[in-house]
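Each chain, written out:
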Amino acid sequence: MADFDSIQQRETGLHQQLNAAQMTMIAIGGAIGTGLFMGSAFAIGFAGPSVLISYAIGALIGLLLMGCLAEMTVAHPTSGSFGAYAEHYISPMAGFVVRYAYWAAVVLAVGMEVTAVGKYMAYWFPQVDQWIWVALFSVALAAVNATSVKAFGQVEYVFSMIKVTAIVAFILIGAYVVFGSRPEGVGFANYTAGGGFFPNGLWGTWVGVIVAIFSYLSLESIAIAAGEAENPRQAVTSAFKTTVLRLVLFYLLSLALMLAIVPWHHASTDTSPFVKVMEYLHIPGGAHVLNFVVLLASLSAMNSQLYVTSRMMFSLSRGGYAPRAMGSLNRRGVPLGAIAVSCLGMAVAMVLNYFKPQESLELMMSIAMFGAMFAWFMVFVTHLFFRPRWQLEHPGQRLQFRMWGFPVFTLLGAALMAGVIITTLFTKEFRTTTLVGVPFLVVLVVIYAVWYRRKKVTP
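Along every chain, residues carry numbers that run from 1 in the direction the sequence is written. In view of the model being predicted, local features appear only for residues whose pLDDT reaches at least 70, and side-chain atom pairs are presented and counted only at 80 or more, with totals across whole chains, interfaces and linings using the full set of residues. Hydrogens are left out, water is left out, and the side-chain values use all remaining heavy atoms of the structure.

Peer 1: What exactly am I supposed to notice about the overall build of the chain here?
Peer 2: We count a stretch as a helix when DSSP gives it H or I for four or more residues in a row; a strand needs E for two or more, and each element gets its number in order from the N terminus. Along its length, the chain carries 19 helices and zero strands. Any residue under 20% of the maximum accessible area for its type is buried, any over 50% is exposed, and the rest in between are partly exposed; the area is computed with a 1.4 Å probe on protein chains only. Among the 459 residues that make up the chain, the fraction classed as buried is 60%. We call two residues in contact whenever any of their non-hydrogen atoms come within 4.5 Å of each other. The contacts in the chain between residues at least 6 apart in sequence include a share of 82% that link residues at least 24 apart. Only the protein chains shown count as cover for residues, with accessible areas throughout obtained via the Shrake-Rupley method and a probe of 1.4 Å. Carbon and sulfur atoms make up 67% of the accessible area of the chain, which totals about 17,100 Å².

Structure, rendered in structure tokens:
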């Protein structure tokens with residue numbers, strides 16, 4: 001099999017203009033969006049107050065994933081990321097399937113984020129059709145991504161800083177309300193009211209992990225952005241170390257306080273539960289301010305996800321697995337063709353919002369989940385192949401970043417992800433995830449086998 005340098009060489013041309021702070025914010029920007037502000041309502045519906053355990057399990061899986069990815073990314077920083085690693089360390093077919101499954105998932109996730117944007121705008125303008133907002137914001141963020149990677153990084157940094165600041169403010173206000181002013185009906189007694197801490201049993205808590213995993217989606221974007229980092233190894237190491245901790249604190253602290261303020265069964269899928277908190281507290285203008293924040297959060301996540309999915313398509317094209325136009329760069333180092341085709345999710349969202357505005361968000365989420373979860377699972381599998389193969393190819397050398405507890409923790413991550421994927425089959429709300437996802441994988445395998453035999457492309 002060819003040396004990995006050949007894969008890195010074919011993906012050159014992207015401008016390396018992202019610093020460690022921007023890379024951290026890209027990951028946070030993608031992960032703190034609809035999954036937290038809107039998706040958490042679905043998770044609370046399944047798990048009740050024990051959703052805290054659901055998100056803690058999701059955070060554990062995310063931590064293990066980041067460790068595996070950090071090791072491989074520091075060794076091989078490239079935009080193809082885990083897809084390129086699967087290609088080299090498992091097989092070309094594995095790399096093809098992982099990249100296309102992930103690309104399709106994130107394309108739909110972009111559509112889900114912009115669908116949420118329509119819902120947030122409806123909070124202020126209920127008389128305006130949601131698909132109009134979907135169209136307007138889709139065009140705006142596509143234009144940002146098409147400008148340059150530096151412009152994208154700067155916009156994403158500002159978006160992420162605003163929502164991080166807002167979440168910190170929410171946590172401080174929530175802490176004051178819960179531990180300081182203590183108005184009637186607020187407190188940790190809400191954790192056991194309305195059916196107890198486990199109102200739907202341990203099964204409900206485990207099902208909540210499905211939404212938690214989707215909420216943490218985009219943690220892996222740091223690895224994809226490594227191909228455009230100013231100093232890849234230093235930036236990746238720094239970003240990996242800080243991102244997981246920040247996300248865990250933001251998610252678990254904000255959810256813990258939210259559940260102490262608002263009874264879990266009052267969480268709504270029409271309005272963000274965080275906005276509901278502000279309504280409960282009767283803070284003048286608070287609900288409007290937070291609705292603006294969650295709107296920015298979705299725009300930020302959408303911006304980040306459009307970036308990573310366009311780079312995955314760029315990697316596919318440079319590998320000979322997609323039309324050559326998708327791998328072309330303009331003079332600013334931007335893959336315009338890859339960005340254009342990655343906007344398909346926005347078009348799907350616009351159509352769904354036009355015909356089924358009330359059902360569009362949940363439908364987009366259930367379909368988008370499989371490819372992302374499969375990609376996470378394959379990161380763990382690829383890492384099992386990577387470590388022994390790298391040591392064989394680089395005798396006497398030491399990896400600059402090593403995942404702890406190998407292979408036990410890598411196997412644990414793979415087992416937990418496999419369990420989450422299998423669980424979707426037995427959950428009515430997410431059955432579509434696997435029933436659509438598995439046939440899609442089969443189609444990808446067939447396409448690869450037929451295409452590869454006809455084209456006779458050697459990666």
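Peer 1: Can you walk me through helix α13 (residues 273–281) in this structure?
Peer 2: The α-helix advances 3.6 residues per turn, and as a result positions three or four apart in sequence lie on the same side. When you tally the buried positions in α13, you get seven out of nine residues, the bulk of the element. Taken together, the buried positions of α13 are Pro273, Phe274, Val275, Lys276, Val277, Met278 and Leu281.

Peer 1: Help me understand the confidence of the model for the chain in this model?
Peer 2: The predicted structure's coordinates, where accompanied by low pLDDT, should not be read in detail. The predictor attaches a confidence to each residue, called pLDDT, with possible values from 0 through 100. For the chain, per-residue confidence averages 82 on the pLDDT scale, and 89% of positions sit at 70 or higher. Averaged over each element, pLDDT in the chain is lowest for helix α3 (residues 34–37) (67) and highest for helix α18 (residues 408–425) (95).

Peer 1: I'm lost on helix α10 (residues 201–216) in this one. Help?
Peer 2: Helix span, as expected, comes to 1.5 Å for every residue beyond the first. Taking 1.5 Å per residue, 16 residues should reach 22 Å; α10 reaches 23 Å between its end C-alpha atoms and fits that length. With 12 of 16 residues buried, α10 lies mostly within the body of the structure. Listed in full, the buried residues belonging to α10 are Gly204, Thr205, Val207, Gly208, Val209, Ile210, Val211, Ala212, Ile213, Phe214, Ser215 and Tyr216. Ser218 sits one or two residues past α10 and shows a positive phi near 105°.

Peer 1: Can you help me understand the pattern of salt bridges in this one?
Peer 2: Pairing of side chains with opposite charge becomes possible as their charged atoms draw close. Whenever a carboxyl oxygen of Asp or Glu lies within 4 Å of a side-chain nitrogen of Lys or Arg, that contact is scored as a salt bridge. Counting across every chain of the model gives four salt bridges. Notably, a salt bridge pairs Glu87 with Arg99, separated by 2.3 Å at the nearest N-O pair. In this pair, Glu87 is assigned in helix α6 (residues 81–89) and Arg99 in helix α7 (residues 92–124), connecting sequence segments 12 residues apart. When sorted by exposure, Glu87 lands in the same class as Arg99, which is buried. Measuring nitrogen to oxygen at the nearest pair gives 3.8 Å for the salt bridge that ties Lys428 to Glu429. Residue Lys428 is classed as exposed on the basis of its relative accessible area, which comes to 64%.

Peer 1: Which parts of the structure should I look at to understand the side chain of Thr423?
Peer 2: One can find Thr423 in helix α18. When its relative accessible area of 5% is taken as the criterion, Thr423 is described as buried. Separated by 2.6 Å, the side chain of Thr423 and the backbone oxygen of Gly419 make a polar contact. What Thr423 contacts, discounting residues up to four positions off in sequence, is Trp203, Trp206, Val207 and Ile210. We define a polar contact as two N or O atoms separated by no more than 3.5 Å, with the added condition that, inside protein, one atom must be a possible hydrogen donor and the other a possible acceptor, whereas residues neighbouring each other in sequence contribute only through side-chain atom pairs.

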